[in-house]
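# Fold and geometry: a report
As a plain string of letters, each chain reads:
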Amino acid sequence: HVNYVPAGWEDRNLPPIETAKAAATAMQRGKGCRRIAFWTLSLFFSMAVLVEHLRAESAFYWPILEGPEVAGPGQPLKVPKGSRLEAWKVKGRLVIQIPAPGIQGNMVCQLMFSVLWLSFVCYWTFTAWNTGVRLFVAFSLPFWAVGLMLFFST
């Protein structure tokens, strides 16, 4: 159609390529960043809810004694020689305190590796999202899970 003028155009002449590319890229970049931020936050909060639910419903979960149940240590109990454990008998219950081990060399290495892993997966996901190949973004989800498990098991 020789006389057809697209909607929003003044005439049939094409706009300069640089202007059209710059406007389209800026608009796409803004949409992509907001979309990535939304999905990242929703994934993070979903994982947090799932982890909290698993922790609370786990067979290994024991309620924490609070308030009057541990008001002052009860009868101290003997622990093995060289052990850092502290044990008491409080109201007929065994209460054991296990001190935190502190930072160890293997923990630092695992933490550094998990941060490196998550950084690469973040770059990979961001790049896949910006190229428009959504299948690669879905493919990265197991790698996110592994990296988060490494990070939180430190």
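Predicted model, so just to flag it, every value in this text is computed and none were measured.

This paragraph deals with the confidence of the model for the protein chain. In this model, the protein chain carries a mean pLDDT of 77, and residues with pLDDT of at least 70 account for 75%. Mean pLDDT in the protein chain bottoms out at helix α1 (residues 17-57), which sits at 72, and peaks at helix α4 (residues 141-152), which reaches 91.

A separate point is the pairing of strand β2 (residues 86-90). The two faces of the sheet receive side chains in turn, since in a regular strand these alternate between them. Examined bridge by bridge, strand β1 (residues 75-76) and β2 share two bridges and lie antiparallel to one another. The residue of β2 that forms the bridge with Gln-75 is Lys-89. Two elements, β2 and strand β3 (residues 93-97), share five bridges in a ladder whose sense is antiparallel. Looking at the pairing, Lys-89 lines up with Leu-94 of β3. Counting the residues that bridge the hairpin from β2 to β3 gives two residues, and of these Lys-91 lies at a positive phi of roughly 50°.

Further remarks concern the layout of surface pockets. The space that makes up the largest pocket amounts to roughly 680 Å³. Contributing to the lining of the largest pocket are 22 residues, with Trp-39, Thr-40, Leu-43, Phe-44 and Trp-144 lying nearest its centre. Counting only elements with at least two residues in the lining of the largest pocket, the list comes to α1, α2 (105-131), α3 (134-139) and α4. Sorting elements by how many residues they give to the lining of the largest pocket places α1 first, with eight residues.

What follows is about α2. Here α2 contains 27 residues, and its C-alpha end-to-end distance of 39 Å stays within 8% of the 39 Å for a straight helix at 1.5 Å per residue. Buried within α2 are the following residues: Ser-114, Leu-118, Val-121, Thr-125, Ala-128 and Trp-129. Looking one or two residues beyond α2, the residue adopting positive phi is Gly-132, at roughly 90°.

What follows covers the side chain of Thr-125. Checked against the element boundaries, Thr-125 lands in helix α2. Setting aside its immediate chain neighbours within four residues, Thr-125 contacts Val-137, Ser-140 and Trp-144.

With that settled, the discussion passes to a nonpolar patch on the surface. A cluster of nonpolar side chains, namely Leu-77, Val-79, Leu-85, Leu-94, Ile-96 and Ile-98, defines an oily patch on the protein surface of about 520 Å² accessible area. Of note, Leu-85 is situated in the loop between β1 and β2. Its relative accessible area of 32% is what places Leu-85 among the partly exposed residues.

A separate point is the sheet that holds β3. Spatially, three strands are ordered β1-β2-β3 in an open sheet, and the strand pairing comes out antiparallel. With partners counted over all chains shown, the strands left at the sheet margins are β1 and β3, one partner each.

The rules behind the values
Sequence order as written defines residue numbering, which begins from 1 separately in each chain. In keeping with the predicted nature of the model, local features appear solely for residues at pLDDT of at least 70, side-chain atom pairs appear and are counted solely at 80 or more, and the whole-chain, interface and lining totals rest on all residues. Heavy atoms throughout the structure, all of them, feed into the side-chain values; hydrogens and water do not. pLDDT expresses how confident the predictor is about each individual residue, on a scale running from 0 to 100. Starting at the N terminus, helices and strands are each numbered in turn, a helix being any DSSP run of H or I of at least four residues and a strand any DSSP run of E of at least two. Note: two strands are recorded as paired if DSSP finds a minimum of 2 bridges between them. A pocket, in this scheme, is an open set of points on a 1 Å grid over the protein atoms alone with protein on both sides within 12 Å along at least 5 of 7 lines, while a cavity is a set where a 1.4 Å probe fits but cannot get out; residues line either one if an atom lies within 4 Å of a point. Grid points are joined across faces, edges and corners, and a volume is the space filled by probe spheres set on the points. In a helix, the anticipated span is given by 1.5 Å times the number of residues less one. Burial classes: relative accessible area under 20% of the type maximum marks a residue as buried, over 50% as exposed, and values in between as partly exposed (1.4 Å probe, protein chains only). Contacts were defined at the residue level, with two residues in contact if any of their heavy atoms lie within 4.5 Å. Patch rule: a residue counts if its relative accessible area is over 30% and it has no salt bridge; like charges are joined within 9 Å, and nonpolar side chains (Val, Leu, Ile, Met, Phe, Trp, Tyr) within 5 Å. Accessible surface area values rest on a Shrake-Rupley calculation with a 1.4 Å probe, where residue burial reflects the displayed protein chains alone. We define a salt bridge as a side-chain nitrogen of Lys or Arg found within 4 Å of a carboxyl oxygen belonging to Asp or Glu.

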